[in-house]
Amino acid sequence: MAQVLDRPPVRPVVETPTAGRRTAARLTLPTLLTLTAIVTIVPFAAMVLVAFAPPSGQTFPGALNPANFTLENFRTVLSSSDIPRWTVNSLIYSLVSVACVLLFASMAGYAFAKKKFPGRDLMFWAFLATLMVPFQATLIPSYILVARLDWVDSFWGLIVPTLANSQAVFLMRQFILQLPDELFEAAEIDGAGEWRIFTTIVLPLIRPVLATLGIFVFLWHWNDFLWPLVIGQSGKMQTLTVGLATLQTQAVPINQIMAGATITVVPSLLVFGLLQRYLTDSIAMSGLKA
């Protein structure tokens, strides 16, 4: 009984203002993220619902009735001779650009990060300064150059001017800078040439950033509109984004336009889903190196 009486009284836990602010932050952040996700998803959900709706359900709330969903809009779009051609053009434009940009950017990033040559830093920062020049300012000079090369309305004119990507070179250089110099010194001592060092050491180690950059480059080119609009002057060279925009001037039902737009989203989702693991690895590696 004496031991019980000798125990100090239990003090009530008083929540400090700092703890209260932290609790409010924990509750506010998920709420904001949820609202942002809803605002982002609603336009895509509306697009998909209208794409599956019959002609009589082009608007809400008619497009919300699942009993009226139909695939007729997709059949009509895919049966058109233009949509498959536009899709192939977009795939060629995007995939070839991704392969070339990743190759050139990784080679340039390796040179700027690990090679020493006169004017290296000046050349890099001058190349990086092109980020401050908007694309619209170089549109006319680029078109004149492509026209003089007789590349208008061709894949050459569509792809080649987009390969010098300063953002890609910058990301590659920053990632390769983190690689230890001892690897390259050991390879040079063993007699490995520059191309062997690049293919056997650099490329395997930068695989996560290659996948991450590949996602962004693919999305940039797949959703590109202005440059394909300028270069693809005939129907056979139009990309999917440009072709769908032209359908609005041809009295095509909105359901079919939304069906075509839904089809354009599928490749982006597939690419992101296949390379998501490498994107996560790239973020994790960047966090560890920081």
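In this convention, every chain numbers its residues from 1, walking through the sequence in written order. In keeping with the predicted nature of the model, local features appear solely for residues at pLDDT of at least 70, side-chain atom pairs appear and are counted solely at 80 or more, and the whole-chain, interface and lining totals rest on all residues. Hydrogens and waters are ignored; side-chain quantities use all the structure's heavy atoms.

Attention shifts here to the overall build of the chain. Within the chain, the regular secondary structure consists of 14 helices and zero strands. In this text, helices come from DSSP runs of H or I with a minimum length of four residues, and strands from runs of E with a minimum of two, each type numbered from the N-terminal end. Along the chain direction, N to C, the helices and strands of the chain fall in the order α-α-α-α-α-α-α-α-α-α-α-α-α-α. Think of it in three bands: residues with accessible area under 20% of the maximum for their type are buried, residues over 50% are exposed, and the middle band is partly exposed, with areas taken using a 1.4 Å probe on protein chains only. Burial status across the chain gives 32% buried among its 290 residues. Residues count as neighbours in contact if any of their non-hydrogen atoms are within 4.5 Å of one another. Of all intrachain contacts in the chain linking residues separated by at least 6 positions in sequence, the fraction that spans at least 24 positions is 75%. Exposure was quantified through the Shrake-Rupley algorithm and a 1.4 Å probe, taking into account, for residues, occlusion by the shown protein chains and nothing else. For the chain, the exposed area adds up to about 18000 Å²; of that, 68% sits on carbon and sulfur atoms.

Glancing now at the pattern of salt bridges. Any carboxyl oxygen of Asp or Glu within 4 Å of a side-chain nitrogen of Lys or Arg constitutes a salt bridge here. Per the counting criterion, the structure on display carries six salt bridges. A salt bridge links Asp181 to Lys114, with the shortest nitrogen-to-oxygen separation between them at 2.6 Å. A residue pair is termed long-range when its members are at least 10 positions apart, and Asp181 in helix H9 (residues 181–189) and Lys114 in helix H4 (residues 82–114) qualify at 67 residues. The buried category is assigned to Lys114, whose relative accessible area is 17%.

Right, let's talk about helix H8 (residues 166–177) for a bit. Taking 1.5 Å as the rise per residue, H8 with 12 residues should run 16 Å; its terminal C-alpha atoms sit 16 Å apart, in good agreement. Listing the buried residues of H8 in full gives Ser166, Ala168, Val169, Met172, Arg173, Phe175 and Ile176. Any N or O atom pair separated by 3.5 Å or less is treated as a polar contact, with the protein-specific requirement of one donor-capable and one acceptor-capable atom, and with residues adjacent in sequence counted only for side-chain atom pairs. Its side-chain oxygen placed 3.1 Å from the backbone nitrogen of Gln167, Asn165 serves as the N-cap of H8. Helices are assigned an expected span. That span is 1.5 Å times one less than the residue count.

Once that is clear, we can look at unusual backbone geometry. Even without being a glycine, Asp150 presents a positive backbone phi close to 60 degrees. Examined against the element boundaries, Asp150 turns out to sit in the loop between helix H6 (135–148) and helix H7 (155–159). Residue class for Asp150 comes out exposed when judged on its relative accessible area of 66%. Positive phi values are uncommon outside glycine, yet Asp153 reaches one of about 60 degrees. Structurally, Asp153 is set in the loop between H6 and H7.

Let us now look at the UniProt feature "transmembrane region" (unreviewed entry) in the chain. UniProt positions are given in the numbering used here, feature names are shortened, and annotations may be inferred rather than shown by experiment. According to UniProt, the feature "transmembrane region" (unreviewed entry) maps to residues 31–53, 91–112, 124–144, 156–176, 197–220 and 257–275 in the numbering used here. Along residues 91–112 one finds 100% helix and 0% strand; the C-alpha atoms at either end are 31 Å apart. With 71% helix and 0% strand, residues 156–176 has its two end C-alpha atoms placed 30 Å apart.

With that out of the way, let us pick up the environment of Asp82. Here Asp82 shows up in helix H4. On the accessibility criterion, Asp82 (28% relative accessible area) is partly exposed. Sequence separation between Asp82 and Gln238 is 156 residues; the distance between their C-alpha atoms is 9.1 Å.

Each residue carries a pLDDT score, the predictor's own confidence in it, on a scale running from 0 to 100. Here the chain shows a mean pLDDT of 81. Residues at 70 or above account for 81%. Helix H1 (residues 2–6) is the least confidently modelled element of the chain, averaging 52 in pLDDT, while H7 averages 93, the highest of any element.

On to a nonpolar patch on the surface. Patch membership requires over 30% relative accessible area and the absence of a salt bridge. Like charges are linked within 9 Å, and nonpolar side chains (Val, Leu, Ile, Met, Phe, Trp, Tyr) within 5 Å. On the surface, Leu32, Leu35, Ile38 and Val42 cluster together into a nonpolar patch covering about 370 Å² of accessible area. With respect to the element layout, Leu35 can be found in helix H2 (residues 17–52). Its relative accessible area of 48% is what places Leu35 among the partly exposed residues.

The pairing test for Phe, Tyr and Trp rings, Trp by its six-membered ring, is centres within 6.5 Å, and the orientation test on the planes gives stacked under 30 degrees, edge-to-face over 60, and tilted for anything in between. Across all of its chains, the model carries 12 aromatic pairs by this definition. Through a chain of ring-to-ring contacts, the aromatic side chains of Phe112, Phe117, Phe124, Trp125 and Phe170 assemble into a single cluster. A ring is scored as having a charge over it whenever the NZ atom of a lysine or the CZ atom of an arginine sits within 6 Å of its centre and within 35 degrees of its normal. Taking NZ or CZ as reference, Arg173 lies 4.2 Å from the ring centre of Phe124, over its face.

It is worth spelling out the nonpolar core at this point. In this structure, Met172 and Ile206 are the most contacted members of the largest nonpolar core, which totals 49 residues. In terms of residue count, the dominant contributor to this core is H4 (10 residues). If we ignore the near neighbours within four places in the chain, the residues touching Met172 are Leu102, Ala105, Ser106, Gly109, Ile206, Val209, Leu210 and Leu213. Residues grouped as a nonpolar core are buried Ala, Val, Leu, Ile, Met, Phe, Trp, Tyr and Cys residues, joined through side-chain atoms within 4.5 Å.

What follows deals with the packing of H4 against H8. Interhelical geometry of H4 versus H8 gives an angle of 50 degrees and a closest axis separation of 7 Å. In terms of their interaxial angle, H4 and H8 are classed as oblique. The handedness of the crossing between H4 and H8 is right-handed. Contacts from Val101, Leu102, Ala105, Ser106, Ala108, Gly109, Tyr110, Phe112, Ala113 and Lys114 of H4 reach H8 at Ala168, Val169, Met172, Arg173, Ile176 and Leu177. When the residues that make up the contact of H4 with H8 are grouped by side-chain class, the tally is 12 nonpolar, two polar and two charged. Here the axes come from fitting lines to C-alpha atoms, over the contacting stretch only for helices, and the angles between their N-to-C directions go from 0 to 180 degrees. What sets the label is the angle itself: under 35 degrees gives roughly parallel, over 145 gives roughly antiparallel, 65 to 115 gives roughly perpendicular, and the rest give oblique. The hand of a helix crossing depends on one turn: near helix anticlockwise from the far one by less than a right angle means left-handed, and clockwise means right-handed. Asp, Glu, Lys and Arg are counted as charged, while Ala, Val, Leu, Ile, Met, Phe, Trp, Tyr, Cys and Pro are counted as nonpolar; the rest, among them Gly, fall into the polar class.

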